[in-house]
Amino acid sequence: MLAGKGVLALAVAAMLTLAACGDGEPHLMNLQATGDGPDEFAILPPKPLQLPEDLKALPAPTLGGSNLTDPNPEADIALALGGRLREGTGVPAGDYAIVNHASRYGRAAAIRPELAAADLEYRRDNKGRILERLFNVNTYFKAYKRESLNKHAELGKWRQRGVRTVSAPPP
């Protein structure tokens, strides 16, 4: 009887030790699908069919190509917000002034890889306890709690200073 409990305790200890030794990239947000149904967010409804004013202006059909009624969420959002989808890379001509103002104290060209490396190190240091990792408990919000902004306290601070916060709800 005692030997069986000893073997069970040894097996649990070995399992916990192995769970603690994982040296891969830490996943703090452990979300899993509960079923094997379709992904309802991947389905985009097509735009309504419309008869163009000039039928000769229609593009030639291409096999596997895009259609005028195919959804383009990025362009639709940009259009709805009063802008347009940008072609190419780099800073648009109309945005040079704001980019120059934002970078007036200098900017790091390789900031993205530097921040990614710092965040990976932070996630490795705050990856959760052994049982949380063993049972895939979501530890993202606990790990980043010190990094998050308390929106109600910040709003109160700005209201005490007399700053109008027109987009925020009344107290």
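Residues numbered from 1 in each chain as written. Predicted model: local features only at pLDDT ≥ 70, side-chain atom pairs only at ≥ 80, totals over all residues. Heavy atoms only, no water.

A.B. asks: For this particular structure, what's the right way to read the overall build of the protein chain?
C.D. replies: Counting secondary structure elements, the protein chain contains seven helices and zero strands. Reading the protein chain from its N end, one meets helices and strands in the order α-α-α-α-α-α-α. Taken against the 2.2 N^0.38 rule, which gives 16 Å for 171 residues, the C-alpha radius of gyration of the protein chain at 27 Å runs more than 25% over that of a compact globule. Viewed in the frame of its principal axes, the protein chain has a C-alpha envelope of about 85 × 55 × 40 Å. The burial tally for the protein chain puts 6% of its 171 residues in the buried class. Sequence separation of at least 24 residues holds for 56% of the intrachain contacts in the protein chain that already meet a minimum separation of 6. Measuring between centres, the 21 positive side-chain charges of the protein chain sit 11 Å from its 19 negative side-chain charges. (Helix = DSSP H or I, 4+ residues; strand = E, 2+ residues; numbered from the N terminus. Rg over C-alpha atoms; globule rule 2.2 N^0.38 Å. Buried < 20%, exposed > 50% of the residue type's maximum accessible area, 1.4 Å probe, protein only. Contact = heavy atoms within 4.5 Å. Lys, Arg positive; Asp, Glu negative; His and termini not counted. Charge placed at Lys NZ, Arg CZ, Asp CG, Glu CD.)

A.B. asks: Just to check I follow, could you spell out helix α7 (residues 151-160) for this structure?
C.D. replies: An α-helical turn contains 3.6 residues, so a residue and the one three or four places further along point in the same direction. For α7, the N-terminal capping position is held by N150, with its side-chain oxygen 3.3 Å away from the main-chain nitrogen of H152. After α7 finishes, the residue G162 shows a positive phi value of roughly 85 degrees. (Polar contact = N/O pair within 3.5 Å; in protein donor to acceptor, adjacent residues only side chain to side chain.)

A.B. asks: Help me understand the packing of aromatic side chains in this model?
C.D. replies: Think of a pair of aromatic rings as described by two things: how far the centres are apart, and how the planes are tilted against each other in angle. According to the stated counting rule, one finds three aromatic pairs in the structure shown. When the ring of Y140 is compared with that of F141, the centres are 5.3 Å apart and the planes differ by 90 degrees; the resulting orientation is edge-to-face. Exposure remark for F141: the relative accessible area of 58% places this residue in the exposed category. With centroids separated by 4.9 Å and ring planes inclined at 45 degrees, the aromatic side chains of Y140 and Y144 adopt a geometry described as tilted. Take Y140: its relative accessible area is 33%, and that puts it in the partly exposed class. Overall, the relative accessible area of 16% leaves Y144 in the buried class. Here the aromatic residues Y122, Y140, F141 and Y144 are joined through ring pairs into a cluster of three or more. (Phe/Tyr/Trp six-rings, centres within 6.5 Å; stacked < 30°, edge-to-face > 60°.)

A.B. asks: What should I look at first to understand the environment of K151 in this one?
C.D. replies: By the secondary structure assignment, K151 is in helix α7. With 37 residues separating them in the primary sequence, K151 and E114 have C-alpha atoms 27 Å apart.

A.B. asks: Looking at this structure, I do not really get the environment of V7. What am I missing?
C.D. replies: Relative to the elements of secondary structure, V7 occurs in helix α1 (residues 2-20). For V7, a relative accessible area of 57% gives the class exposed. Residues V7 and K145 lie 138 residues apart in sequence; the distance between their C-alpha atoms is 39 Å.

A.B. asks: How should the environment of P169 be read in this particular structure?
C.D. replies: Relative to the assigned elements, P169 resides in the segment after α7. We classify P169 as exposed; its relative accessible area is 57%.

A.B. asks: Looking at this structure, I do not really get the side chain of R123. What am I missing?
C.D. replies: By secondary structure assignment, the location of R123 is in helix α4 (residues 111-125). When neighbours within four sequence positions are excluded, R123 is seen to be in contact with E25, P26, L28 and Y144.

A.B. asks: Any chance you could explain the pattern of salt bridges here in plain terms?
C.D. replies: This model, assessed by the stated rule, comprises five salt bridges. Residue D119 pairs with R123 through a salt bridge whose shortest N-O separation is 3.2 Å. Of the two residues, D119 and R123 are both situated in helix α4; the distance of four residues between them amounts to about one turn of the helix. A salt bridge links K142 to E132; the nearest nitrogen and oxygen atoms lie 2.9 Å apart. Placement of the pair is K142 in helix α6 (residues 140-143) and E132 in helix α5 (residues 130-134), with a sequence separation of 10 residues. In this structure E132 comes out as buried when scored by relative accessible area, which is 15%. (Salt bridge = Lys/Arg side-chain N within 4 Å of Asp/Glu carboxyl O.)

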